[in-house]
Amino acid sequence: PFESVLSVCQDASRDIWAVTKNSLLTRHHDTNWSIMSQGTNWPGGRPTCVASDADGAVWIGTVDRGLIQFKNGEFKNWRVADGLVNENVHGLMVTPDGDVWLTFPGRIQRFHNGVFDTITIPIGTRYFRALAKDTAGNVWGGSSEGSLFRIRDGVATDETERIQGGPASIRCLYATPDGAVWIGYGGFGIGRIKDGKYARFTTREGLHNNFISQIVEDKFERLWLAGNGGIFQLSMTELSRAADDIAAGRKARLRPALYGRAEGLPSLQPTYDTIPAATRSRDGRIWMSMGTGLAIIHTENIDEN
């Protein structure tokens, strides 16, 4: 019942949830899509993003009615009167410990044990387009104007100066098990922060496109990236080696595998600005939000060629 998709997740029951650009909350159960934001139990509001936790709850951010939770067939709503700093929720991230992180225009909050904690962010920060939690327990936030923050124990540290060449608009963040945090830029390729060192790739190093909106790793240690003009993947081994070379001042060359028009897919323009925009389901498939629907990658069918 939609075309352009903003956000996607899978719940503990393996159902797929998606928020569309025309403010519908949809759910895929068995073989059917249903609209969840038009039923009699819906508390109201226009959805912007959707995320899930391990306890069976689905969390929904809205542009005008704060935070909504769906669990055991019932909706629950939190608004400014309940501790939200703003009822325009721009993004959501649920961490393995059950915390729910929320982004607003220029603000970040953590929902922990029923209490909203506000993270102090410098004035002037605009939209947070990206959130990620690394293996060391740091939460990273990236903004539309290129600010990069590392949050630890409720304190945000500005890490923007690590970005070589000055701030560049950040579209997505993704943490991998090796301790790295990958940064997708709007026009400046991808970056990696690992062990205190920074490296960045662009089309000069063979990247297919410099506008990276979504990043997801599959179970075969490949990184899938959605950029302007298509979806492409790179081996984590190749990427990590190239990042190490660049961080050490050496040249590197990437060989991405591109999927798009040549595979019969006329349009693979990813969406961004909301969190999460992509996910990996439990069966290994990758789901990416597109301007023309959902792109589903059956990663087990991809052969190296």
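Refer to the structure above for everything that follows.
Keep in mind that what you see is a predicted model, and the values were worked out from it rather than measured. (Residues numbered from 1 in each chain as written. Predicted model: local features only at pLDDT ≥ 70, side-chain atom pairs only at ≥ 80, totals over all residues. Heavy atoms only, no water.)

Asker: Before we move on, can you summarise helix H1 (residues 236-247) with the specific residues and values?
Answerer: Taking 1.5 Å per residue as the helical rise, H1 with its twelve residues ought to reach 16 Å, and the 16 Å between its terminal C-alpha atoms agrees with that figure. Of the positions making up H1, those classed as buried are Met236, Glu238, Leu239, Ser240, Ala242, Ala243, Asp245 and Ile246. On its buried face, H1 sits against strand E18 (181-185), strand E19 (190-194), strand E20 (197-201), strand E21 (212-217), strand E22 (222-227) and strand E23 (230-235). A positive phi of about 90 degrees marks glycine 249, the residue just after H1. (Helix = DSSP H or I, 4+ residues; strand = E, 2+ residues; numbered from the N terminus. Expected span 1.5 Å × (residues − 1). Buried < 20%, exposed > 50% of the residue type's maximum accessible area, 1.4 Å probe, protein only. Contact = heavy atoms within 4.5 Å.)

Asker: Lay out the sheet that holds strand E4 (residues 32-35) with the relevant residues and their values.
Answerer: Judged by pairing direction, the sheet is antiparallel, and its four strands sit side by side in the order E1-E2-E3-E4 without closing on themselves. Each edge of the open sheet carries a strand with a single partner, namely strand E1 (5-10) and E4. Taking the axes of each pair of neighbouring strands and ignoring which way they run, one obtains an average angle of 25 degrees across the sheet. (Pairing = 2+ DSSP bridges. Axes fitted to C-alpha atoms, helices over the stretch in contact; angles between N-to-C directions.)

Asker: Run through the pattern of salt bridges, naming residues and quoting values.
Answerer: If you walk through the whole model with that rule in mind, you get 14 salt bridges. For lysine 133, the salt bridge is made with aspartate 97, and the minimal N-O distance between the two is 3.3 Å. On the criterion of sequence distance, the pair formed by lysine 133 in strand E13 (residues 128-133) and aspartate 97 in the loop between strand E9 (91-94) and strand E10 (100-104) is long-range, its members being 36 residues apart. Here aspartate 273 ties to arginine 129 by a salt bridge, and the two come within 2.6 Å at their closest N and O atoms. Here the residue aspartate 273 occupies a position in the loop between strand E24 (257-259) and strand E25 (278-280), and arginine 129 occupies one in strand E13, the gap between them amounting to 144 residues. On the basis of relative accessible area, arginine 129 is assigned to the buried category, the value being 13%. Each of Asp99, Arg110 and Asp117 takes part in salt bridges that share partners, so that together they form one network. (Salt bridge = Lys/Arg side-chain N within 4 Å of Asp/Glu carboxyl O.)

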